[in-house]
Amino acid sequence: MRHALDVARRGWGTTDPNPMVGAVIVEEGEIVAEGWHEKAGEPHAEINALRTLIRNPRGGATMYVTLEPCSTHGHTPPCTAALIAAGIARVVAGMVDPNPAHAGRGFDQLRAAGIEVVTGVLADDCADLNLIFNHWIASGRPLFAAKSGVTLDGKVATRTGESKWITGEHARADGHRWRRYFPAIAVGAGTIRSDNPRLTARAEETEWCPWRFVFDGLLRTVADQAMPAVYTDEFRERTIVVTTSHGGMGYVRKLNSLGVKTWVLPSTSPRVNFADFRQRCAAEGITGVFFEGGAQLFSELLQARELDYLFTYQAPVLFADDKAKSILHGLRTESLGSAIRLEHVRHERHGDDTLTRGFVRYPEKMLIDEAVFTRPLYGE
């Protein structure tokens, strides 16, 4: 199953909105074929593994697969029918299909055909493989995740604003790997104005561009004399500026003339309503958004209870300065019981840095520091 997980990761970032899946065929204790799902609309992992084998599996063959084989006809025929027809004797699966309408049906069909079924092998690892897909299928909502690089005392910049680079190159490379995983990246206007990032996923000599969201309720990034790279580069048609009517339709038309898309969402203030943004993402089929800054944008997501998942890369660095910039603010946490916690936590080492990631779980009651709403928008 660990090998099947490694095989599944060959589809990293290319299967959306489908899950990554890996399948391995074993005969007499030896791996004889493997396959993975490469792209939505193309054959599933089980089919690719059977095709790689070329011949029919020998008697007693086992297939290890990271996700329950599909049992319905979608863009491709059901994998359960193919496994039955091929004569697979045993199926070992990692995770049950997260779709309540399908969960367990594939296993039932296999058992009814006389195939031995074993489930739950490395189930947590198999679930972790498809954070976005599982969330999308179970809730119908895109997964909103935030990523930050911080010091041991939770700072993202010195009091003078210096932030490059708190974490090392291994952590930054892993951040680009997660950029490739998510179909969209989001930042605030402050990040655009201070860093002018490309917001692409870069690995070795390749560059891939997801959807790039810029939160700018007043369209100050358009008013600047120098236009940001995300509005002028070769990927500008992949840029979407999320704004409000307070930004001015003249700036909206200017962006559109450059080929940049705009989402003007209803709001009584220059702050974008994250619930409306999530609803628009769902309508457009955008299953996950990777928020990369700044601190104000992260904090407002948290205050609105709209952040689902958190990635924090922590460097062995201390500022020990009350005036250094913190990653999160805006809440009045008066007891441990009212603290926000992470669940299904994973820890990873990347060079000298440590990544902690997990699902955000909110307390029943959160107290908001109302003074936060007098601060500038989105990381400025």
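The rules behind the values
- Residues numbered from 1 in each chain as written.
- Predicted model: local features only at pLDDT ≥ 70, side-chain atom pairs only at ≥ 80, totals over all residues.
- Heavy atoms only, no water.
- Helix = DSSP H or I, 4+ residues; strand = E, 2+ residues; numbered from the N terminus.
- Rg over C-alpha atoms; globule rule 2.2 N^0.38 Å.
- Buried < 20%, exposed > 50% of the residue type's maximum accessible area, 1.4 Å probe, protein only.
- Pairing = 2+ DSSP bridges.
- Axes fitted to C-alpha atoms, helices over the stretch in contact; angles between N-to-C directions.
- Parallel < 35°, antiparallel > 145°, perpendicular 65-115°, else oblique.
- Left-handed = near helix turned anticlockwise from the far one by under 90°.
- Contact = heavy atoms within 4.5 Å.
- Nonpolar A, V, L, I, M, F, W, Y, C, P; charged D, E, K, R; others polar.
- Salt bridge = Lys/Arg side-chain N within 4 Å of Asp/Glu carboxyl O.
- Polar contact = N/O pair within 3.5 Å; in protein donor to acceptor, adjacent residues only side chain to side chain.
- Core = buried A, V, L, I, M, F, W, Y, C linked by side-chain atoms within 4.5 Å.
- Phe/Tyr/Trp six-rings, centres within 6.5 Å; stacked < 30°, edge-to-face > 60°.

S.K.: Run through the overall build of the protein chain, naming residues and quoting values.
M.R.: When its secondary structure is counted, the protein chain shows 13 helices and 18 strands. Taken over C-alpha atoms, the radius of gyration comes to 23 Å for the protein chain, in line with the 21 Å a tight globule of 380 residues would show. Considering only C-alpha atoms, the protein chain reaches an extent of 70 × 50 × 40 Å along its principal axes. Taking all 380 residues of the protein chain together, the buried fraction comes to 49%.

S.K.: Residues and numbers for the pairing of strand β14 (residues 288-291), please.
M.R.: Covered by surrounding structure in β14 are Gly288 and Phe290 together with Val289 and Phe291, the residues of both alternating faces. Examined bridge by bridge, strand β6 (residues 143-150) and β14 share 4 bridges and lie parallel to one another. Bridging across to β14, leucine 143 finds its partner in glycine 288. Relative to β14, strand β8 (residues 184-188) is paired through 2 bridges, and the arrangement is parallel. Counterpart to isoleucine 185 in the pairing with β14 is phenylalanine 290.

S.K.: Tell me what's going on with the packing of helix α3 (residues 79-86) against helix α4 (residues 105-112), and back it up with residues and numbers.
M.R.: In helix packing, the relevant descriptors are the interaxial angle and the interaxial distance, both defined with respect to the helix axes. At their nearest, the axes of α3 and α4 sit 10 Å apart, and the two run at 20° to each other. For the element pair α3 / α4, the angle class is roughly parallel. In terms of crossing hand, the pair formed by α3 and α4 is right-handed. Contacts from Thr80, Leu83 and Ile84 in α3 reach Gly106, Gln109 and Leu110 in α4. Considered class by class, the residues forming the contact of α3 with α4 number 3 nonpolar, 3 polar and no charged.

S.K.: How would you sum up the environment of valine 24? Please name residues and give values.
M.R.: Tracing the sequence through the fold places valine 24 in strand β1 (residues 22-27). With 25 residues separating them in the primary sequence, valine 24 and alanine 49 have C-alpha atoms 6.5 Å apart. Valine 24 has contacts with His3, Ala4, Ile31, Ala33, Glu34, Thr62, Met63 and Tyr64, leaving out every residue within four places of it along the chain.

S.K.: Explain the pattern of salt bridges to me, and be specific about the residues and the numbers.
M.R.: Inspection of the entire model under this criterion finds 24 salt bridges. Arginine 2 is the salt-bridge partner of aspartate 125, the closest N and O atoms lying 3.7 Å from each other. Of this pair, aspartate 125 sits in helix α5 (residues 123-129) while arginine 2 sits in helix α1 (residues 2-8), and the two are 123 residues apart along the sequence. Arginine 2 sits in the exposed class, given a relative accessible area of 56%. Between glutamate 34 and arginine 10 there is a salt bridge, with the nearest N and O atoms lying 2.9 Å from each other.

S.K.: A description of helix α13 (residues 295-303) should follow, citing residues and the corresponding values.
M.R.: Most of α13 is tucked away: 9 of the 9 residues are buried. If you check which residues of α13 are buried, you get Ala295, Gln296, Leu297, Phe298, Ser299, Glu300, Leu301, Leu302 and Gln303. Phi for arginine 305, located one or two positions after α13, is positive at around 60°.

S.K.: I'd like to hear about the side chain of aspartate 174, residue by residue, with values.
M.R.: Looking at the element boundaries, aspartate 174 is found in helix α7 (residues 169-181). Reaching out from aspartate 174, the side chain makes a polar contact with the side chain of tyrosine 313 at a distance of 2.6 Å. Once you skip the residues sitting within four places of it in the chain, aspartate 174 turns out to touch Tyr313, Glu348, His350 and Leu355.

S.K.: How would you sum up the sheet that holds strand β18 (residues 353-361)? Please name residues and give values.
M.R.: The strands that make up a sheet are held in pairs by hydrogen bonds between backbone atoms, and each pair lies either parallel or antiparallel. On the basis of which strands lie adjacent, the open sheet formed by 9 strands has the order β13-β12-β11-β8-β14-β6-β15-β18-β17 and mixed pairing. A strand with exactly one partner marks an edge of an open sheet, and here the two such strands are β13 (261-264) and β17 (341-350). Here the average twist between neighbouring strands, direction ignored, is 20°. Sheet topology places strand β12 (residues 239-243) next to β13; 4 bridges connect them, and they run parallel. Bridge assignment links isoleucine 240 to a residue of β13, and that residue is lysine 261. Sitting on the sheet, helix α6 (residues 131-139) is in contact with β6, β14, β15 (309-314) and β18, with an inclination near 145° to β6.

S.K.: Pulling in residues and values, what's your account of the nonpolar core?
M.R.: Membership of the largest hydrophobic core comes to 60 residues, with the highest contact counts inside it found for Met63, Trp178, Tyr181, Phe182, Tyr231 and Phe311. Ranked by size, the runner-up nonpolar core spans 27 residues in total, among them Phe144, Ile286, Phe298 and Leu310.

S.K.: Can you lay out the packing of aromatic side chains for me, pointing to particular residues and giving the numbers?
M.R.: Within this structure, the stated rule accounts for 19 aromatic pairs. Taking 5.0 Å as the distance between ring centres and 75° as the angle between the ring planes, the aromatic pair formed by tryptophan 178 and tyrosine 181 counts as edge-to-face. You can see tryptophan 178 and its partner tyrosine 181 sitting in helix α7, 3 residues apart, about one turn around the helix. This pair shows no difference in class: tryptophan 178 is buried, exactly as tyrosine 181 is. For the pair phenylalanine 182 and phenylalanine 311, a centre-to-centre distance of 6.4 Å together with 75° between the ring planes defines the contact as edge-to-face. One end of the pair, phenylalanine 182, is in the loop between α7 and β8; the other, phenylalanine 311, is in strand β15, with 129 residues separating them in the sequence. Residue phenylalanine 182 is classed as buried on the basis of its relative accessible area, which comes to 1%.

S.K.: How would you summarise the packing of helix α2 (residues 45-53) against α3 if you had to cite specific residues and measurements?
M.R.: Remark: α2 packs on α3, axes separated minimally by 9 Å, with the N-to-C direction vectors making an angle of 30°. The angle between the axes of α2 and α3 places the two elements in the roughly parallel class. Two packed elements cross with a definite hand, and for α2 against α3 that hand is left-handed. Contacts between α2 and α3 involve Glu46, Ile47 and Leu50 from the first element and Cys79, Ala82, Leu83 and Ala86 from the second. Residues belonging to the contact of α2 with α3 are distributed by class as follows: 6 nonpolar, no polar and 1 charged.

Interpretation note: all reported values are geometric properties and have no functional meaning in isolation.
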